[in-house]
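Residue-level structure breakdown
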Amino acid sequence: MRRFTDRVALVTGAASGIGRALAIRLAHEGAAVVCADLDEDGAKNVAEEISGRERKAYPLRLDVTDEQAVKNSLLITEREFGTVDALFNNAGIGGRSWDLTISVNLSGVFYGLTHGAYYMAKNGGGVIVNTASIAGLLALLPVETHTSPRTPEANEGISSYVAAKHGVAGLTRQFAVMYAHQGVRVNAVAPGYIETPMTQMIQDNQELREFHEKLHPMGRLGTAEEIAGVAAFLASADASFINGAVIPVDGGYSAR
Ligand code: NAP
């Protein structure tokens, strides 16, 4: 399948995990890909891996919390490959302090959406796919069982992550509606727990791993490639009538 021949994609968080799998998948299907990430060396490695297969890729250091840098990343993509047909707002972090988590996981996506949708609307259209989460659809189940009152400190990471991802789901729908008449489709994937560096701690601890595996009716964590496949589908012409959808890719987690 080569659904992205002559198409140009910009992927944030492309150095690792889901973003890396996505950049490789898009390139495999013919796209020229800008691999953007805070981790500059990681972005270079992925771009080299793609270029080594005689496909086009360009590494870019990008901090998605910097609005001007996000705006510039679209112009850099245009400079390198002529335009931006598909934008993947994928960069994200696990729940940390409130401000940092909201800044990366929500504001970063907003900057991509607001500048990306405007750029595409001016240039004849395009597609945007955000990486939300099941945490954008549902509450997450805390692992700890607290016998004493749960402290405010224990709440920050999980709450900020859930709030940011619910925000991403909302922004996906809002931008889909605002730009529907201007040739820009906006959708999101909502992954369950996926085997990437973000969940390394869960993967390495048998008790934690089993706890999380059981939350998914399929009894396992997902792979980055399984998310990349759905994100690529949403960006492709196969999904030409899908707009404003937040698609769970979670082995049935959200079906219960
Ligand atoms: P990952 O392997 O940690 O990859 C995330 C990448 O984003 C890293 O290369 C990271 O760089 C980069 N990044 C972090 N902050 C950034 C910033 N401010 N600007 C640009 N890049 C930044 O994680 P992943 O699992 O692939 O996560 C990708 C997306 O999927 C995230 O939005 C995440 O919330 C979402 N997601 C993941 C899961 C899961 O279970 N893994 C489930 C649902 C949703 P550094 O390494 O330098 O920080």
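Please refer to the structure placed before this passage.
Report on the accompanying structure. Only a predicted model underlies this, so the values are computations on that prediction, with no experimental measurement involved. (Residues numbered from 1 in each chain as written. Predicted model: local features only at pLDDT ≥ 70, side-chain atom pairs only at ≥ 80, totals over all residues. Heavy atoms only, no water.)

1. Considerations on unusual backbone geometry
Phi at D6 is positive, roughly 65°, even though this residue is not glycine. Tracing the chain through its elements places D6 in the segment before β1 (8–12). (Helix = DSSP H or I, 4+ residues; strand = E, 2+ residues; numbered from the N terminus.)

2. Details of the packing of aromatic side chains
Counted according to the given criterion, the structure contains four aromatic pairs. Taking 6.2 Å as the distance between ring centres and 65° as the angle between the ring planes, the aromatic pair formed by F110 and F175 counts as edge-to-face. Note that F110 is positioned in helix α4 (residues 98–122) and F175 in helix α5 (residues 152–179), a separation of 65 residues in sequence. On the accessibility criterion, F110 (34% relative accessible area) is partly exposed. With 6.3 Å between their ring centres and 40° between their planes, Y193 and Y253 make a pair best called tilted. Within this pair, whereas Y193 is found in the loop between β6 (184–191) and β7 (194–195), its partner Y253 is found in the segment after β9 (246–249), the two being separated by 60 residues in sequence. For Y193, a relative accessible area of 15% corresponds to the buried category. Take Y253: its relative accessible area is 6%, and that puts it in the buried class. Each member of the aromatic cluster is reached from another via a ring pair, and the members are F110, Y111, F175 and Y179. (Phe/Tyr/Trp six-rings, centres within 6.5 Å; stacked < 30°, edge-to-face > 60°. Buried < 20%, exposed > 50% of the residue type's maximum accessible area, 1.4 Å probe, protein only.)

3. Observations concerning the packing of helix α3 (residues 67–81) against α4
Where α3 meets α4, the axes come as close as 9 Å, and the angle between the chain directions of the two elements is 35°. Handedness of the crossing formed by α3 with α4: right-handed. Contact with α3, carried on its side by E67, V70, K71, L74 and E78, involves Y111, G112, H115, G116 and Y119 of α4 and no other residues of that element. Its residues placed into classes, the contact of α3 with α4 shows four nonpolar, three polar and three charged. (Axes fitted to C-alpha atoms, helices over the stretch in contact; angles between N-to-C directions. Left-handed = near helix turned anticlockwise from the far one by under 90°. Contact = heavy atoms within 4.5 Å. Nonpolar A, V, L, I, M, F, W, Y, C, P; charged D, E, K, R; others polar.)

4. With respect to the pattern of salt bridges
Scanning the model with the defined rule gives eight salt bridges in all. With a closest N to O distance of 2.9 Å, R25 and E29 form a salt bridge. Of the residues examined, R25 reaches a relative accessible area of 27% and is grouped as partly exposed. (Salt bridge = Lys/Arg side-chain N within 4 Å of Asp/Glu carboxyl O.)

5. Brief notes about the sheet that holds β1
Sheet architecture is open: seven strands sit in the order β3-β2-β1-β4-β5-β6-β9, paired in parallel fashion. The strands lining the two open edges of the sheet, one partner per strand, are β3 (57–61) and β9. Within the sheet, the average angular offset between the axes of one strand and its neighbour, ignoring direction, is 20°. With four bridges joining them, β6 and β9 adopt parallel strand pairing. Across the sheet, P191 pairs through a bridge with V249, a residue of β9. Strands β1, β2 (32–37), β4 (86–89) and β6 of the sheet are contacted by helix α1 (residues 17–28), whose axis makes an angle of about 170° with β1. Of the strands in this sheet, β1, β2 and β3 are in contact with α3, which crosses β3 at around 155°. (Pairing = 2+ DSSP bridges.)

6. Observations concerning the pairing of β2
Among the six residues that make up β2, six are buried, leaving the element largely enclosed by the rest of the structure. Judged by which residues are buried, β2 turns out to be covered on both faces: A32, V34 and A36 on one side and V33, C35 and D37 on the other are all buried. Where β1 lies against β2, five bridges are found, and the strand directions are parallel. Across the sheet, V8 pairs through a bridge with A32, a residue of β2. At this point the chain moves from β1, through α1, to the parallel β2, and the crossover so formed is right-handed. Of the strand pairs in this sheet, β2 and β3 are connected by five bridges, and their pairing is parallel. Pairing of A36 across the sheet is with L60, part of β3. (Right-handed = clockwise from strand over helix to strand, strands pointing away.)

7. Quick look at α3
With 15 residues, α3 should reach 21 Å at 1.5 Å per residue; the first-to-last C-alpha distance of 22 Å fits that figure. For α3, the complete set of buried residues consists of V70, S73, L74 and T77. What you see down the axis of α3 is that its buried residues fit within an arc of 95°, all on one side. Of the surrounding secondary structure, the elements contacted by the buried residues of α3 are β1, β2, β3 and α4. (Expected span 1.5 Å × (residues − 1). Arc of directions from axis to C-beta.)

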